[in-house]
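This is what each chain is made of:
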Amino acid sequence: LAPRERYISPTREIMIGNHLAFALSEDSIQVALCSHLFDRKRLIDVRKIYIPRDLASGEHRNQFIAGVIDDLYHELGGRWKSVSLTLGGAETAFRRLIMPNVSSRALNQAVWFEAKRQIPFPINECHFDYRRVAEIFEDSSTKLKIALIAGTRRLISEHLAPFQALSIRVDSIY
């Protein structure tokens, strides 16, 4: 018999208001605006602002990025707003793991052990988290499919800096 999987839905907060999802890259700032009313969600706007090439690095680049974030936050945010930040690139990692179905404490320890083996940069130089994605039923055993994500502390700090300078709270990082 082929193994059978049961998807595990993520736990969601009940949200009211707007959610802004930012993504920063070397050449652009992207934002998606989603309106939440309890379990109803609606994508309202998506924008991409290119960073001028003559601002390759330095303080003028940082000021430009902070200015764009501030403008977007105030223009699109509305009264009740939450903010997330997405990361990507060489200083991030995503791994799928198959783990035994054990207690939460044992799972935390097992994921920590696997993270040290699977994440391609030193574990003490990154932040990582995981989520149970599915249960796998095979014969008489149950296993868990785990999604493990990680980002270097340096990358996270760099991407959070303009939000912190503007006193904008980032609720989650992906």
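Residues numbered from 1 in each chain as written. Predicted model: local features only at pLDDT ≥ 70, side-chain atom pairs only at ≥ 80, totals over all residues. Heavy atoms only, no water.

Undergrad: Would you take a moment to explain the nonpolar core for this structure?
TA: Considering soluble globular proteins, one finds that nonpolar side chains tend to be buried as a cluster. Counting residues in each nonpolar core, the largest one holds 23 residues, and the members touching the most others are Leu20, Phe22, Ile29, Ile69, Val83, Leu85 and Phe163. Take this core: its biggest share by element is six residues, from helix α1 (residues 59-76). Setting aside chain neighbours within four positions, we find Val83 in contact with His19, Leu20, Phe22, Tyr73, Phe163, Ile168, Arg169, Val170, Asp171 and Ser172. Counting residues in each nonpolar core, the second largest holds 15 residues, with Ile119, Ile123, Cys126 and Ile146 among its members. (Core = buried A, V, L, I, M, F, W, Y, C linked by side-chain atoms within 4.5 Å. Buried < 20%, exposed > 50% of the residue type's maximum accessible area, 1.4 Å probe, protein only. Helix = DSSP H or I, 4+ residues; strand = E, 2+ residues; numbered from the N terminus. Contact = heavy atoms within 4.5 Å.)

Undergrad: Looking at this structure, I do not really get helix α2 (residues 104-118). What am I missing?
TA: An α-helical turn contains 3.6 residues, so a residue and the one three or four places further along point in the same direction. Between its terminal C-alpha atoms α2 stretches 20 Å, which fits the 21 Å expected from 15 residues at 1.5 Å a residue. Every buried residue belonging to α2 is among Leu107, Val111, Glu114 and Ala115, and all of these are buried. For α2, the arc enclosing every buried residue in end-on projection is 110 degrees, short of the 170-degree limit, so these residues lie on one face. Exposed side chains of α2 directed beyond 90 degrees from the buried face belong to Arg105 and Arg117. Of the surrounding secondary structure, the elements contacted by the buried residues of α2 are β6 (92-100), β7 (126-138) and β8 (141-152). (Expected span 1.5 Å × (residues − 1). Arc of directions from axis to C-beta.)

Undergrad: Looking at this model, I keep getting lost on the sheet that holds β6. Mind explaining?
TA: Pairing between the strands of a sheet comes from backbone hydrogen bonds, and it takes one of two forms, parallel or antiparallel. Taken in spatial order, the four strands of this open sheet run β1-β7-β8-β6, and their pairing is antiparallel. A strand with exactly one partner marks an edge of an open sheet, and here the two such strands are β1 (4-7) and β6. Direction aside, the axes of adjacent strands within the sheet are offset by 30 degrees on average. Bridge analysis of β7 against β8 gives 12 bridges, and the strand direction is antiparallel. Considered in β8, the bridge of Phe128 is made with Ala150. Against the sheet, helix α3 (residues 153-165) engages β6, β7 and β8, with an angle of about 60 degrees to β8. (Pairing = 2+ DSSP bridges. Axes fitted to C-alpha atoms, helices over the stretch in contact; angles between N-to-C directions.)

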